[in-house]
Amino acid sequence: MTVTDRFLDFVKYDTQSDELTNLTPSTPGQMKFARFLKSVVEGMGLHDVELDDNGYLYATLPATTDKDIPTIGFIAHMDTSPDMSGRHVNPRIVEKYQGGDIVLNEEEKIILSPTQFPELNHYVGQDLIVTDGTTLLGADDKAGIAEILTAVDYLQRHPEIKHGKIRIGFNPDEEIGLGAHKFDVEKFGCAFAYTMDGGALGELEYENFNAASAKITIKGRNVHPGYARNKMVNSIRVAGNFMSMLPRSETPEHTEGYEGFYHLVGINGTVEETTLHYIIRDHDRDRFERRKREIAHLVNKLNNEYHGCCTLELKDQYYNMREKIEPVMYVIDIAEEAMREAGVTPKVQPIRGGTDGAQLSFKGLPCPNIFAGGENFHGRYEYVSIQSMEKATDVIVNIAKIVAEKDF
């Protein structure tokens, strides 16, 4: 099977995760997909195939040489984002994209256009897999799974390529920040690994946001509006005051590169009670800590004004993996060399988000992130280049070869 065949097969599975269930995996569709993948890797003849009760799937491609070579791993996540449905995905291949608008859904007038998404201009002449405009596609991260399995299949069919022991791991719930929480690093047994979970061709990432979540609950006092003077406390209006106190320019839509932000991801309110859900992000650890302190300061300010109406739940989610990768920068050098051998120009850049690799790096498994080839993740305009997926597959094969050739 080609990487495209595998990918189109995988996106049939609805694996949207859900942060509200408090289960692992968070949704039954992920375990259904995990069981399917288990049958796939068993059918490929891989060793040590294990699917645990939490939906983590591990397997081994044995070494083809007796040389002492570090065991390396390749990891991808099975879930898709809660931001949009991944049920009944209906992909379509746009062969040899000629530029201009791509009509995803004529009836709904949903158009993928380079006017809104100028990156499309980089893909003229390539074959693009797109959605029908009613769901996300699932390239994040089923493209990564397809690439890993296709590379493993290639290595199996070419035993003349010498490589060490290779471990693969597929996990649930990355999109809700829990993908690495129950990943068994000791059982995985790798010196280092790579997540195949990046975006466009050439992306190589070992810096990510420090991340926290903030839930602010505001208790109001509801009184008949005709008699509310000096009595009512409208929690929605208090929430508006809080939102207005945060800097308008420090939001996702106004930031790029290493700039951090406060992002309001949800609000639910009545006069009696309103909750605000924020995520806090910054690459720099000191600025990250200052952002958390600012949230707490503003909550205290409202409490002083409105007599203790607000409570704050502040939780760290993950940290910048750079501090764990810098002592072993050879893992980045290997990936860059593998890309160049595949004819890909490495683009080392910070992730404006998170990755399982960040948490895994802090659990003792250095784990930078490599492109999987998709664009516009988490929504109806998501697409992936077939040629980019093929290049990602080549990069995995090249990493295996390069590691076998090096002296550690």
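Visitor: Before we move on, could you go through the overall build of the protein chain and cite the residues and values that matter?
Guide: Helix and strand content of the protein chain: 10 helices and 18 strands. Here the C-alpha atoms of the protein chain give a radius of gyration of 23 Å, agreeing with the 22 Å that 2.2 N^0.38 yields for 408 residues. In the protein chain, which comprises 408 residues, the proportion classed as buried is 54%. Put simply, 78% of the contacts in the protein chain that link residues at least 6 apart link residues at least 24 apart. Of the roughly 18,500 Å² of accessible surface on the protein chain, a fraction of 46% belongs to carbon and sulfur atoms. For the protein chain, the separation between the mean place of its 43 positive charges and that of its 63 negative charges on side chains is 5 Å.

Visitor: Got a sec to walk through the sheet that holds strand 14 (residues 310-318)? Specific residues and values, please.
Guide: What the four strands build is an open sheet, ordered 12-13-11-14; its pairing is antiparallel. Looking at which strands have only one partner, the edges of the open sheet turn out to be strand 12 (261-269) and strand 14. With strand direction ignored, the average angle separating the axes of adjacent strands in the sheet is 15 degrees. Where strand 11 (residues 210-219) lies against strand 14, eight bridges are found, and the strand directions are antiparallel. In the strand pairing of strand 14, Ala211 is matched with Tyr318.

Visitor: Describe the sheet that holds strand 15 (residues 347-348), and please don't skip the residues or the numbers.
Guide: Spatially, the eight strands line up as an open sheet ordered 1-2-8-3-9-16-10-15, and their pairing is mixed. Two strands in the sheet have a free side with no partner beyond their single neighbour: strand 1 (47-51) and strand 15. Sheet topology places strand 9 (residues 192-198) next to strand 16 (residues 369-371); three bridges connect them, and they run parallel. The residue bridging Gly198 from the neighbouring strand is Phe371, located in strand 16. Strands strand 1, strand 2 (57-61) and strand 8 (166-171) of the sheet are contacted by helix 2 (residues 28-43), whose axis makes an angle of about 170 degrees with strand 1. Packed onto the sheet, helix 10 (residues 386-405) meets strand 3 (72-77), strand 8, strand 9 and strand 16 and runs at close to 135 degrees relative to strand 16.

Visitor: Break down the packing of aromatic side chains for me, with residues and values.
Guide: Applying the stated rule across the entire model yields 19 aromatic pairs. Ring geometry for Phe117 against Tyr381: centres 5.2 Å apart, planes inclined by 40 degrees, an arrangement best described as tilted. Here Tyr381 lies in the loop between strand 17 (374-375) and strand 18 (383-385) and Phe117 lies in the loop between strand 6 (110-112) and strand 7 (128-130), a separation of 264 residues in the sequence. When the centroid spacing of 5.0 Å and the interplanar angle of 80 degrees are considered together, the rings of Phe183 and Phe188 count as edge-to-face.

Visitor: I'd like a description of the packing of helix 3 (residues 139-157) against helix 10, backed by residues and values.
Guide: Remark: helix 3 packs on helix 10, axes separated minimally by 8 Å, with the N-to-C direction vectors making an angle of 50 degrees. As judged from the angle between their axes, helix 3 and helix 10 are oblique. Helix-helix and strand crossings are classified by hand; for helix 3 and helix 10 the assignment is right-handed. Touching Ala143, Glu147, Ile148, Thr150, Ala151, Tyr154 and Leu155 of helix 3 are Met389, Ala392, Thr393, Ile396, Val397 and Ala400, all from helix 10. The residue inventory of the contact of helix 3 with helix 10, partitioned by class, reads 10 nonpolar, two polar and one charged.

Visitor: How would you explain the environment of Val223 if you had to name every residue and give the values?
Guide: Inspection of the secondary structure puts Val223 in the loop between strand 11 and helix 5 (235-245). Sequence separation of Val223 and Tyr123 is 100 residues, and the distance between their C-alpha atoms is 59 Å. Filtering out sequence-adjacent residues up to four positions away, Val223 remains in contact with Ala228, Lys231 and Met232.

Visitor: Requested: an account of unusual backbone geometry, with residues and values cited.
Guide: Residues Thr24 and Pro25 are joined by a peptide bond in cis, for which omega reads -5 degrees. Following the sequence through the fold, Pro25 ends up in the loop between helix 1 (3-10) and helix 2. Here the residue pair Asp140 and Asp141 is connected by a cis peptide bond, since its omega of 15 degrees sits within 30 degrees of zero. Tracing the backbone shows Asp141 in helix 3.

Visitor: Which residues make up the side chain of Glu207, and what values do they have?
Guide: Along the polypeptide, Glu207 turns up in the loop between strand 10 (203-205) and strand 11. The exposure class of Glu207 is buried, given its relative accessible area of 6%. Engagement of the side chain of Glu207 in a polar contact is seen with the side chain of Arg322, the distance being 2.9 Å. When neighbours within four sequence positions are excluded, Glu207 is seen to be in contact with Tyr258, His283, Asn320, Met321, Arg322, Pro350 and Ile351.

Visitor: Summarise helix 2; cite the residues concerned and give the values.
Guide: Here helix 2 is 16 residues long and its end C-alpha atoms lie 23 Å apart, about the 22 Å a rise of 1.5 Å per residue gives. By the burial criterion, the buried members of helix 2 are Gly29, Gln30, Met31, Phe33, Ala34, Phe36, Leu37 and Val41. Residues of helix 2 that are buried make contact with helix 1, strand 1, strand 2, helix 3 and strand 8. The first or second residue beyond helix 2 is Gly45, which carries a positive phi of 80 degrees.

Visitor: Could you give an account of helix 6 (residues 285-305), naming the residues involved and the relevant values?
Guide: Along an α-helix, a turn takes 3.6 residues, which lines up residues three or four apart on a common side. Compared with an ideal rise of 1.5 Å per residue, which puts 21 residues at 30 Å, helix 6 spans 31 Å between its outermost C-alpha atoms and is within 8% of the ideal. Elements that come into contact with the buried residues of helix 6 comprise strand 11, helix 5, strand 12, strand 13 (273-282) and strand 14. N-capping of helix 6 is provided by Asp284, with a side-chain oxygen placed 3.1 Å from the backbone N of Asp286. Remark: His307 follows helix 6 within two positions and exhibits a positive phi of approximately 60 degrees.

Rules of the game
Residues numbered from 1 in each chain as written. Predicted model: local features only at pLDDT ≥ 70, side-chain atom pairs only at ≥ 80, totals over all residues. Heavy atoms only, no water. Helix = DSSP H or I, 4+ residues; strand = E, 2+ residues; numbered from the N terminus. Rg over C-alpha atoms; globule rule 2.2 N^0.38 Å. Buried < 20%, exposed > 50% of the residue type's maximum accessible area, 1.4 Å probe, protein only. Contact = heavy atoms within 4.5 Å. Areas by Shrake-Rupley, 256 points an atom, 1.4 Å probe, with all protein chains shown as cover. Lys, Arg positive; Asp, Glu negative; His and termini not counted. Charge placed at Lys NZ, Arg CZ, Asp CG, Glu CD. Pairing = 2+ DSSP bridges. Axes fitted to C-alpha atoms, helices over the stretch in contact; angles between N-to-C directions. Phe/Tyr/Trp six-rings, centres within 6.5 Å; stacked < 30°, edge-to-face > 60°. Parallel < 35°, antiparallel > 145°, perpendicular 65-115°, else oblique. Left-handed = near helix turned anticlockwise from the far one by under 90°. Nonpolar A, V, L, I, M, F, W, Y, C, P; charged D, E, K, R; others polar. Polar contact = N/O pair within 3.5 Å; in protein donor to acceptor, adjacent residues only side chain to side chain. Expected span 1.5 Å × (residues − 1).

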